[in-house]
Amino acid sequence: MLLENKVAVVYGGGGSIGGAAARAFAREGARVYLAGRTPSSLDKVAGEIRAAGGAAETARVDALDERAVDAFADAVAERAGGIDISFNVIAVGDVQRPLAEISAEEFLRPVQIATRTQFLTTRAAVRHMTGRRSGVILMFGGGGPQTLPGLGGFKVALDAVESMRRQWACEVGAHGIRVITLVTGGVPETIPDGFPGKDEIAGGLREATLLGRTATLADVGDVAAFVASDRARTMTSATVNISCGAIVDH
């Protein structure tokens, strides 16, 4: 198993991306702690993990609340003996419309949420990783050099998180901690059933790729587990591009 005896924390663990990563972490041997604001969603994922023979616990945590995040990380580290992996995939409240059509609040909201929550959860994990001289911080989304009209502040938020990833990586690398971003270019399975234009959006994501297909939730989980494992020990301050060619690297 890639992650045997590892301890993984997933913020937004009840969502589609967080759940996929959590299930993969558990399948590879990690003990998973799911954090989020909706207990029913967290419990569903945790139940699936346990049914498959894995270990999972849940906690209601607001990943924008500094005291709550610190207390949760402290509790996990005390209970499990440390934190090896931290992955934050909470929603950022973006409004995807042209910039000229949104308010300043709508523009700033995803930037503020993304940067605040990633800072808080990363700092909380790093404090427990530094003394052990190992650990992995995973981020999700990525910027890439391209953008599209009508994304509001979402792309700006992704670029800000990428800047944070670089800054964290250069500060914690000396302590053996790696910081990586997963880039997908969009996962159609995350679009809710009944969402207006779902088929058209999924088709557009697929057409933008070079392989004629998009990343699946299973792909996200599999790659996240590999990147979090010791087999990826040489990777840090980098993006792992699983966009099927939709996003072309610099």
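Residues numbered from 1 in each chain as written. Predicted model: local features only at pLDDT ≥ 70, side-chain atom pairs only at ≥ 80, totals over all residues. Heavy atoms only, no water.

Student: Teacher, can you tell me more about the overall build of the chain here?
Tutor: The helix and strand inventory of the chain stands at 7 helices and 7 strands. From first element to last, N terminus to C terminus, the chain shows the α and β order β-α-β-α-β-α-β-α-β-α-β-α-α-β. Since a compact globule built from 250 residues should have a radius of gyration of about 18 Å, the 17 Å found for the chain is in line with a globular shape. Principal axes of the C-alpha set define a box for the chain whose edges measure 50 × 35 × 35 Å. (Helix = DSSP H or I, 4+ residues; strand = E, 2+ residues; numbered from the N terminus. Rg over C-alpha atoms; globule rule 2.2 N^0.38 Å.)

Student: Which parts of the structure should I look at to understand the environment of asparagine 88?
Tutor: With respect to the element layout, asparagine 88 can be found in strand β4 (residues 85–88). Asparagine 88 gets classed as buried once you look at its relative accessible area, which sits at 3%. Taking C-alpha positions, asparagine 88 is 7.5 Å from phenylalanine 140, a pair spaced 52 residues apart along the chain. The residues touching asparagine 88, leaving out its near neighbours within four places in the chain, are Tyr11, Thr117, Gln118, Thr121 and Leu138. Within the structure, the side chain of asparagine 88 is placed 3.1 Å from the backbone nitrogen of isoleucine 90, a separation counted as a polar contact. (Buried < 20%, exposed > 50% of the residue type's maximum accessible area, 1.4 Å probe, protein only. Contact = heavy atoms within 4.5 Å. Polar contact = N/O pair within 3.5 Å; in protein donor to acceptor, adjacent residues only side chain to side chain.)

Student: Sorry if this is basic, but what is going on with the packing of helix α1 (residues 16–27) against helix α7 (residues 217–228) here?
Tutor: Helix-helix packing is characterised by the crossing angle of the two axes and by the distance between the axes. Packing of α1 against α7 brings their axes to within 8 Å, and their N-to-C directions diverge by 50 degrees. By the angle between their axes, α1 is oblique relative to α7. α1 and α7 meet at a crossing whose hand is right-handed. Contacts between α1 and α7 involve Ser16, Ile17, Ala20, Ala21, Ala24, Phe25 and Arg27 from the former and Leu217, Val220, Gly221, Asp222, Ala224, Ala225 and Ala228 from the latter. (Axes fitted to C-alpha atoms, helices over the stretch in contact; angles between N-to-C directions. Parallel < 35°, antiparallel > 145°, perpendicular 65-115°, else oblique. Left-handed = near helix turned anticlockwise from the far one by under 90°.)

Student: Explain the pairing of strand β6 (residues 177–183) to me, please; I cannot follow it from the model alone.
Tutor: A regular strand places its side chains on the two faces of the sheet in alternate fashion. Counting buried residues in β6 gives 7 out of 7 residues, a clear majority hidden from the surface. Taking every second residue as pointing to the same face, both faces of β6 are buried, with Ile177, Val179, Thr181 and Val183 on one and Arg178, Ile180 and Leu182 on the other. Two elements, β6 and strand β7 (residues 238–241), share 4 bridges in a ladder whose sense is parallel. From the neighbouring strand, leucine 182 faces β7, where its bridge partner is valine 240. (Pairing = 2+ DSSP bridges.)

Student: Looking at this model, I keep getting lost on the pairing of strand β3 (residues 55–60). Mind explaining?
Tutor: Of the pairings in the sheet, the one linking strand β2 (residues 31–36) to β3 comprises 6 bridges and is parallel in character. Among the inter-strand pairings, valine 32 is bridged to a residue of β3, identified as alanine 56. The β-α-β motif built from β2, the intervening helix α2 (residues 39–51) and the parallel element β3 has right-handed crossover chirality. (Right-handed = clockwise from strand over helix to strand, strands pointing away.)

Student: How should the pattern of salt bridges be read in this particular structure?
Tutor: Oppositely charged side chains are able to pair whenever their charged atoms sit close together. All told, the structure shown has 15 salt bridges when counted by the stated rule. Note that arginine 27 and glutamate 28 form a salt bridge whose closest N and O atoms lie 3.8 Å from each other. Arginine 27 sits in the partly exposed class, given a relative accessible area of 46%. Judged by relative accessible area, glutamate 28 falls into the buried class, the value being 17%. The partner of arginine 127 in a salt bridge is aspartate 70, with the nearest N and O atoms 3.8 Å apart. One end of the pair, arginine 127, is in helix α4 (residues 104–129); the other, aspartate 70, is in helix α3 (residues 66–80), with 57 residues separating them in the sequence. Each of the salt bridges in this network shares a partner with another, and the network as a whole consists of Glu66, Asp70, Arg123 and Arg127. (Salt bridge = Lys/Arg side-chain N within 4 Å of Asp/Glu carboxyl O.)

Student: What's the story with unusual backbone geometry in this structure? I'm lost.
Tutor: The general pattern is negative phi for most residues beyond glycine and trans for most peptide bonds. One non-glycine residue with positive phi stands out, namely arginine 133, at about 60 degrees. Looking at the secondary structure, you find arginine 133 in the loop between α4 and β5 (135–140). Positive phi values are uncommon outside glycine, yet cysteine 244 reaches one of about 60 degrees. Note on placement: cysteine 244 falls in the segment after β7.

Student: Which parts of the structure should I look at to understand the packing of aromatic side chains?
Tutor: Any pair of aromatic rings gets described here by the distance separating the centres and the angle formed by the planes. Throughout the structure, instances matching the rule amount to 3 aromatic pairs. Ring geometry for tyrosine 11 versus phenylalanine 72: centroids 5.7 Å apart, planes at 75 degrees, classification edge-to-face. Pair noted here: tyrosine 11 is in strand β1 (residues 7–11) and phenylalanine 72 is in helix α3, with a separation of 61 residues, a long-range link. Among the residues examined, tyrosine 11 registers a relative accessible area of 2% and is labelled buried. (Phe/Tyr/Trp six-rings, centres within 6.5 Å; stacked < 30°, edge-to-face > 60°.)

Function cannot be inferred from these measures alone, as they are strictly geometric.
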